[in-house]
Amino acid sequence: MTQKRASLISLSDTPFYHCVSRCVRRSFLCGIDHYSGQNYEHRRAWVEERLLFLSSVFAIDICAYAVMSNHVHVVLHVDVDKALNWSNKQVLALWHTLYKGTLLTQRFMRDDELTKSEMHTLEDTIAVYRQRLHDISWLMRNLNEHIAREANKEDECTGRFWEGRFKSQALLDNRALLACMAYVDLNPIRTKIATTPENSHHTSIQKRIHALKTNQHPPHTLLPFVGNPRQNMPKGISFSLKDYCELVDITGRVIREDKQGHIATTQPAILQRLGLSDAQWLTLTTEFEQHFCYAVGSEHMMRQFAEHTHHRQIQGISNARALLA
């Protein structure tokens, strides 16, 4: 049974969410459709470019993404404080990069004089836009509508391109976040369209590894790794980028069929800090969506999320007990 989007998002519990959009049409979003022989590989760049562009407009950061043949994975971080700190003109300037706005918003941006009643109406409109600019549903809606229009234009057809709604999972703690990010980053390896993370095109892990190899700063379009927790912690993911990339690389080698099913002789330190065994990590990074539905985290965190979102029960509690205990 589908759930109201409001019952799947609880920013008081976590700002991190895993979202998946899937094609409804037989023809592929990207890659090669073996039925028709048509190559849609160039559409991967459409999705990646649009997603990274939207992260510069919305107060929503991208932690991880993977553009697959008929679906898109993305892990998002909602930054409400960023949106609340924008000035009214900043909100409208950002909104106008995506939509026309109203006659009043256009006049305000031209510095036209407005009456008191017009200003009151304008402030209400800005409040709505500010809320939408940190709303996951609006980001995913814009992404999907843009790609659907481009694909329909190319295919010379009309009709629905995506399933009615995107799937959303709340990531309630660091273990859920890191496991989900690795699950997303390793999608091309599991589906055998890439052999290593650095060869996984149109993924966040490829961008992060390239930055490491070239000794560059991480891409500004991705939420950065900021190291271990400490005082005056900057915004970002509280682990080392080097540790994460090494862990994803090791895990990617394990899930190839020609490799044995263990991570390493010595468990990586990042797994020790997460409190996960090799077996738990491998299960999470290869079967993440199979074991959890609307939320992922410790049993306590999942029960708390269920209470805040008014679910009488939430799927995956027993799996949380086994995999994230």
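What comes next is a walk through the structure. Remember, predicted model here, so these are calculated numbers, not experimental data.

Cut-offs used in this document
Residues numbered from 1 in each chain as written. Predicted model: local features only at pLDDT ≥ 70, side-chain atom pairs only at ≥ 80, totals over all residues. Heavy atoms only, no water. Buried < 20%, exposed > 50% of the residue type's maximum accessible area, 1.4 Å probe, protein only. Helix = DSSP H or I, 4+ residues; strand = E, 2+ residues; numbered from the N terminus. Pairing = 2+ DSSP bridges. Salt bridge = Lys/Arg side-chain N within 4 Å of Asp/Glu carboxyl O. Phe/Tyr/Trp six-rings, centres within 6.5 Å; stacked < 30°, edge-to-face > 60°. Lys NZ or Arg CZ within 6 Å of the ring centre and 35° of its normal. Axes fitted to C-alpha atoms, helices over the stretch in contact; angles between N-to-C directions. Parallel < 35°, antiparallel > 145°, perpendicular 65-115°, else oblique. Left-handed = near helix turned anticlockwise from the far one by under 90°. Contact = heavy atoms within 4.5 Å.

So, about the pairing of strand β1 (residues 16-22). Here β1 lies mainly inside the structure; six of its seven residues are buried. Two strands pair when backbone bridges link them, and β1 and strand β3 (residues 71-78) are joined in this way by seven bridges, in the antiparallel orientation. Looking across to β3, one finds that Cys19 is bridged to Val74.

Tallied over the full model, the rule gives 12 salt bridges. Residues Lys242 and Glu246 are paired through a salt bridge, measuring 2.7 Å at the closest nitrogen-oxygen approach. One end of the pair, Lys242, and the other, Glu246, are both in helix α10 (residues 241-254), four residues apart, so they sit about a helical turn from each other. Relative accessible area serves as the criterion here: at 49%, Lys242 is assigned to the partly exposed category. On the basis of relative accessible area, Glu246 is assigned to the partly exposed category, the value being 39%.

Attention now goes to the packing of aromatic side chains. Using the criterion set out here, one finds seven aromatic pairs in the structure. Here the aromatic rings of Phe288 and Phe292 are separated by 6.0 Å at their centres, their planes lie at 45 degrees, and the arrangement is tilted. Exposure remark for Phe288: the relative accessible area of 0% places this residue in the buried category. Put simply, the rings of Trp95, Tyr99, Tyr129 and Trp138 touch in pairs and so form one group of aromatic residues. The side chain of Lys89 reaches across the aromatic face of Phe108, ending 5.6 Å from its centre. Sitting above the plane of the Trp138 ring, Arg141 keeps its charged end 4.3 Å from the centroid.

Further remarks concern the packing of helix α9 (residues 204-213) against α10. It is the contact of α9 with α10, at a shortest axis distance of 11 Å, that shows an interaxial angle of 125 degrees. Considered as vectors, α9 and α10 are oriented oblique to each other. Along this stretch, α9 crosses α10, giving a crossing that reads as left-handed. In this structure, α9 contributes Ile205, Arg208, Ile209 and Leu212 to the contact, and α10 contributes Leu241, Lys242, Tyr244, Cys245 and Val248.

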